[in-house]
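Each chain, letter by letter, is given below.
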Amino acid sequence: MTLLGQAVVAIWNGIKPELEDEFLNWHVHEHIPDRVALPGFQRGRRYMSIDGSPRFFNFYEAETLGDVTSDAYMAALNQPTPWTGRVMRHFTQMSRTVCGVAASAGCGAGIVIETMRLSSRVERDGFVAAMIRNVIEPAAARQGIVGVHLLEGQAASHAETAETRLRGASESAEWILLVEAVRMEAITDLRGSLIGDHAVIACGAGTAISRGAYGLQFALSRAELGRGSRP
């Protein structure tokens, strides 16, 4: 498994153009390090859009679902820093989903990631089994693909906190498929076959599919915390 644990917090957002530089600085020097320092959190990553919308995709990997619903995490969400308050109120197109990892295949981390937000028309176990058999395992075996992950949205996505009040209304996803690759061409090739709309709909996904490719900007693991200093 390429993911560092069994839980993910997946976030898409835009930012008002005049705040983008501050957003990037805040994310690198405060927000991601603070999140990765929480109990059970293992890594945070941020990506910028190649052809997806909104502009940014970021996600946090944690050991267990309990870590992304813990008292420590809820306290952080309810006590935003002054810098968080200045930046987050300018978020746009917000989507945030607390997820369990339903299936994952591959080894390593890619610099390009395809994100697909899905719903399902069939019962859970049948959908997961069909996705593993027809999408995840064969896609992970393709040249240039290093990881394929099916994430299941949780009720905790809808919890109201001080941060939700800062950033305003937020969408969430029932299911998320992430496909990590070493280059964009590998994603483009798969869009016409194993991860195309027709392929996931055949597994039981609904017809409303939101997809986009994103390039890696920044990643920080728990092991890297403390090796440097903030400016």
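Quick note: structure is the one above.
Residues numbered from 1 in each chain as written. Predicted model: local features only at pLDDT ≥ 70, side-chain atom pairs only at ≥ 80, totals over all residues. Heavy atoms only, no water.

Details of the sheet that holds strand 8 (residues 210-221)
For clarity, the cut-off: For two strands to be treated as a pair, DSSP must find no fewer than two bridges joining them. Note on conventions: DSSP H or I runs of at least 4 residues are helices, E runs of at least 2 residues are strands, and numbering of each starts at the N terminus. Geometry is summarised by axes, namely lines fitted to C-alpha atoms with helices restricted to the contacting stretch, and by angles between N-to-C directions that run from 0 to 180 degrees.
With respect to topology, 8 strands assemble into a closed barrel ordered 1-3-2-8-5-7-6-4, the strand pairing being antiparallel. Between one strand axis and the next, the sheet turns by 30 degrees as a mean value, whatever way the strands run.

Some thoughts on unusual backbone geometry
Between Ser53 and the following residue, Pro54, the backbone shows a cis peptide bond with an omega angle of 5 degrees. If you check the backbone angles, Gln93 has positive phi at about 50 degrees while not being a glycine.

So, empty space enclosed by the protein
Note the following rule: The definitions used throughout rest on a 1 Å grid laid over the protein atoms alone, on which a cavity is an enclosed set of points accommodating a 1.4 Å probe that cannot get out and a pocket is an open set flanked by protein within 12 Å on both sides along at least five of seven lines; lining residues are those having an atom within 4 Å of a point. Grid points are joined across faces, edges and corners, and a volume is the space filled by probe spheres set on the points.
Scanning the entire structure with this criterion turns up 1 cavity of 30 Å³ or more. Surrounding the largest cavity, 18 residues form its lining, Ile11, His31, Met88, Glu163 and Arg167 being those nearest its centre. Of all the secondary-structure elements, those providing two or more residues to the lining of the largest cavity are strand 1 (7-15), helix 1 (20-36), strand 3 (56-62), helix 2 (71-78), strand 4 (91-106) and helix 5 (162-167). Sorting elements by how many residues they give to the lining of the largest cavity places helix 1 first, with 5 residues.

Examining the side chain of Arg167
Note the cut-off: Note on exposure labels: buried denotes an accessible area under 20% of the residue type's maximum, exposed denotes more than 50%, and partly exposed covers the range between, all computed with a 1.4 Å probe on protein chains only.
One can find Arg167 in helix 5. Judged by its relative accessible area of 9%, Arg167 falls in the buried class.

Notes on the pattern of salt bridges
Two side chains with opposite charge may pair up if their charged atoms get near one another. Under the convention used in this document: What makes a salt bridge here is a side-chain nitrogen of Lys or Arg within 4 Å of a carboxyl oxygen of Asp or Glu, nothing more.
Per the stated rule, a full pass over the model turns up 14 salt bridges. With its nearest N and O atoms 2.7 Å apart, the salt bridge here joins Glu163 to Arg35. Taken as a pair, Glu163 in helix 5 and Arg35 in helix 1 lie far apart in primary sequence, 128 residues in all. The same class applies to Glu163 and to Arg35, which are both buried. Across the pair Arg124 and Glu152 runs a salt bridge, and its minimum N-O distance is 2.9 Å. Linking Arg124 in helix 4 (residues 124-140) with Glu152 in strand 6 (residues 145-153), this pair joins segments that are 28 residues apart in sequence. Sharing partners across several salt bridges, the network here consists of Asp51, Glu114, Arg191, Asp197 and Arg211.

Details of the environment of Lys16
This is how the line gets drawn: Every residue pair with non-hydrogen atoms within 4.5 Å of one another is taken to be in contact.
One can find Lys16 in the loop between strand 1 and helix 1. Residue class for Lys16 comes out partly exposed when judged on its relative accessible area of 35%. Along the sequence, Lys16 and Phe91 sit 75 residues apart, while their C-alpha atoms lie 6.7 Å from each other. Residues contacting Lys16, with those up to four places away along its chain left out, are His90 and Thr92.

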